[in-house]
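The primary structure of each chain is shown beneath.
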Amino acid sequence: MFLVGSFFLFAAFLITTCIFVIFSKNPVNSVLFLVLAFLNSTFLFILIGAEFVGIILAIVYIGAVAILFLFVVMMLDIQITTLMYNIKRYVPLALLFAGIILAEIIYLTVFKTSKVNIDTFIRSKNNTEQIGDVLYTKYFIDFQLSGIVLLLAMIGAIVLTHVYRPTIKRQNIDSQNSTTAKDRVQLVKIKPGEGIKDD
Amino acid sequence: MPSLSLEITIGILKIFSFVVPVLVSVALLVYLERKVLGAVQLRKGPNVVGPFGILQSFADVLKLLTKENLLPSSSNKFLFIFAPMLTLILSLIAWAVIPISSTYVIANINIGILYLFAVSSFGVYGVIIAGWASNSKYPFLGALRSAAQMISYEVSIGFVIITVLICVGSLNLIDIVESQKNMWFAIPLLPMFVVFIISALAETNRLPFDLPEDEATLVAGFFTEYSSISFGLFFLAEYANMILMSSLTVILFLGGWYPPIDIFPLNAIPGIFWFVIKVFLILFVFLWVRATFPRYRYDQLMRLGWKIFLPLTLIWVVITSAFLFYFGLLPN
């Protein structure tokens, strides 16, 4: 009873916050509602006993991804009216993605039956150990492939944003540390009336 | 089977038994900080209010409470008020999983260390929301700095935690402490211990990494616009976070509630005493560092996080796991 009630509570919160993500006029508020949406999905994961997945979701999405979103969005100076106008343009694309995800969910829940008896599987060990058991053995290739995809995305982002500017001045710490007094200071004995010759 | 209301009462009492000591020790920590800084700089520090000035922080809190709470007219009112509350809530809910002794903990959960890591990574939201909601340039710059800084150092903290977890084989905080019964992890994992303390300084925005509130360049950083009790909440949260990170250091590296050597007069002393004394020592290191080191420049901070700590911790994870695997010491 308590579990079912909490499920509906968090699911309702999740859907509400998702709606607010779309319809908030201020993009910063949108990102903050997105954070709430992530938090609610974390609670949903914890409710089904997958606390490891839930907390990892919170760490990765709330602790890193959403902060970077917020970081970027806070620095934008967006005209709110143009933003609302633009949303309508993306509706077909959004429907397409929603359709794909719906089809995936239907495929997974209706047509594909799991070979493992999930109930006994879940009870036998805690889910952290279960993931640890299969991640590097059964799903080794998938895991490495997703790693490579992430690496490519990272390299792509660096290539796109990194501009080499020869005029920019940077601190060269090695050369600073290897500098001795001789390189910088010269002791000169000046005879009266001569001064230093500039060379 | 105790009734539900009794269980709830016990739960609330347990929560208070953590929150009240934490808040009182925040006040004492502020006093200690001023005394330590005074001693380092050959001053007396606070010595007027109460015996040895020990009531100084309580007087300061009363002063803050009686001041007017100013709301900047151009700020986002809701987020402006919400940010300090969020910061304090996050620094207090983390205590739910901290084990003071092998039996005394509010919630002994399987993934305690991940919960702590998640909560401490949420801490940046209070800062960044405060900086943005103030709608003013210094808080905004402070918020941007702190977001970048906390994310950078979380990466190395994550790898340090992974190194410890490889040695323990469990994410439960009590298991982590109990696996240190014979040998504190600070000894075999000394470099990670040092990296963790330095990263903890950066994560709590303490000197020498307090760039989000760098008064020389940013007035007071993200809480420039805050006054009265909302400033007080930030202040409380910062010091509560310091105590939290010290407790985490003690749990991960200094053997929690275990005495240094397991011999008679030492192991007769209750574990909570050892825990508190170790937390106190780490806190003293925090204050000592503040009195000793100058503030880092921003690019130096980023360089230290990404180019030194990240490769070092990453290599150490590989070395530790390879060592444990080769000698068959991996925990089951």
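Residues numbered from 1 in each chain as written. Chains lettered and ligands numbered in written order. Predicted model: local features only at pLDDT ≥ 70, side-chain atom pairs only at ≥ 80, totals over all residues.

Attention shifts here to the overall build of chain A. Of the regular secondary structure elements, chain A holds 10 helices and zero strands. For chain A, the N- to C-terminal ordering of α and β elements is α-α-α-α-α-α-α-α-α-α. Burial statistics for chain A: of 199 residues in total, 13% are counted as buried. When contacts within chain A are restricted to residue pairs at least 6 apart in sequence, long-range pairs at least 24 apart make up 55% of them. (Helix = DSSP H or I, 4+ residues; strand = E, 2+ residues; numbered from the N terminus. Buried ≥ 20, exposed ≤ 12 C-beta atoms within 10 Å, placed from the backbone. Contact = placed C-beta atoms within 7 Å.)

This brings us to the overall build of chain B. Looking only at helices and strands, chain B features 12 helices and zero strands. Along chain B, helices and strands appear, N-terminal first, in the series α-α-α-α-α-α-α-α-α-α-α-α. Against the compact-globule benchmark of 20 Å for 332 residues, chain B has a radius of gyration of 21 Å, which places it among compact chains. In terms of overall dimensions, chain B has C-alpha extents of about 65 × 50 × 50 Å along its principal axes. The buried share among the 332 residues of chain B stands at 45%. (Rg over C-alpha atoms; globule rule 2.2 N^0.38 Å.)

With that settled, consider the packing of helix α4 (residues 112-133) of chain B against helix α5 (residues 137-168) of chain B. Residues and elements named next belong to chain B. One way to put it is that α4 packs onto α5 with a least axis distance of 8 Å and a crossing angle of 175°. As summarised for this structure, α4 and α5 are arranged roughly antiparallel, according to the angle between their axes. On the side of α4, the interface is formed by I113, F117, S121, G123, V124, V127, I128, A130, G131 and W132, while α5 contributes P139, F140, G142, A143, S146, A147, M150, E154, G158, I161 and L165. (Axes fitted to C-alpha atoms, helices over the stretch in contact; angles between N-to-C directions. Parallel < 35°, antiparallel > 145°, perpendicular 65-115°, else oblique.)

We now examine the interface of chain A and chain B. Counting residues at the interface gives 15 residues for chain A and 16 residues for chain B. No other element matches the 12 residues that helix α3 (residues 51-75) of chain A contributes to the side of chain A that touches chain B.

Helix-helix packing is characterised by the crossing angle of the two axes and by the distance between the axes. Axis separation between α3 of chain A and α4 of chain B bottoms out at 9 Å; the angle between their running directions is 15°. Judged by the inter-axis angle, α3 of chain A sits roughly parallel to α4 of chain B. As for how α3 of chain A packs across α4 of chain B, the hand of that crossing is left-handed. Side by side, α3 of chain A and α4 of chain B meet where I55, A58, I59, I62, G63, I67, L70 and M74 of chain A of the first sit next to L114, Y115, F117, A118, S121, F122, V124, I128 and W132 of chain B of the second. Of the residues belonging to the contact of α3 of chain A with α4 of chain B, the class tally is 15 nonpolar, two polar and no charged. (Left-handed = near helix turned anticlockwise from the far one by under 90°. Nonpolar A, V, L, I, M, F, W, Y, C, P; charged D, E, K, R; others polar.)

As a further point, take the nonpolar core. Ranked by internal contacts, the top residues of the largest apolar core, which has 114 residues, are I128 and I243 of chain B. Aside from chain neighbours lying at most four places away, what touches I243 of chain B is V22, S25, V26, L29, V279 and L283 of chain B. (Core = buried A, V, L, I, M, F, W, Y, C linked by C-beta atoms within 7 Å.)

A separate point is the environment of N29 of chain A. Residues and elements named next belong to chain A. With respect to the secondary-structure elements, N29 resides in helix α2 (residues 27-47). Assessed through the 17 C-beta atoms surrounding it within 10 Å, N29 is described here as partly exposed. Along the chain, N29 and M75 lie 46 residues apart, while their C-alpha atoms are 14 Å from each other.

So, about the confidence of the model for chain B. This prediction gives chain B a mean pLDDT of 85; 98% of its residues lie at or above 70. In the predicted assembly, ipTM is 0.81 and pTM is 0.83. (pLDDT = per-residue confidence, 0-100.)

Glancing now at the environment of N108 of chain B. Residue and element names in this part refer to chain B. Tracing the sequence through the fold places N108 in the loop between α3 (77-93) and α4. The class of N108 is partly exposed, set by 16 C-beta atoms lying within 10 Å. Sequence-wise, N108 and L233 are 125 residues apart; in three dimensions their C-alpha atoms are separated by 28 Å.

With 86% of its residues at a pLDDT of 70 or more, chain A shows a mean pLDDT of 81. Of all secondary-structure elements in chain A, the lowest mean pLDDT belongs to helix α6 (residues 118-124) of chain A, at 56, while helix α8 (residues 140-161) of chain A reaches the highest, 91.

Moving on: unusual backbone geometry. Residues and elements named next belong to chain B. One non-glycine residue, N135, adopts positive backbone phi at about 55°. Looking at the element boundaries, N135 is found in the loop between α4 and α5. Even without a glycine there, the phi angle at N205 is positive, about 55°.

Attention shifts here to helix α5 (residues 91-111) of chain A. For α5 of chain A, which comprises 21 residues, the first-to-last C-alpha distance of 29 Å matches the rise-based estimate of 30 Å (1.5 Å per residue) to within 8%. Along α5 of chain A, only zero of the 21 residues are buried, which leaves the element largely exposed. (Expected span 1.5 Å × (residues − 1).)

An α-helix turns once per 3.6 residues; consequently, residues spaced three or four apart project the same way. Residues and elements named next belong to chain B. Over its 14 residues, helix α7 (residues 190-203) runs 20 Å from end to end, which matches the ideal 20 Å to within 8%, given 1.5 Å per residue. Inspection of α7 places M192, F193, V195, F196, S199, A200, L201, A202 and E203 among the buried residues, and these make up the whole buried set. Elements in contact with the buried residues of α7: α4, α5, α9 (228-253), α11 (271-292) and α12 (298-326).

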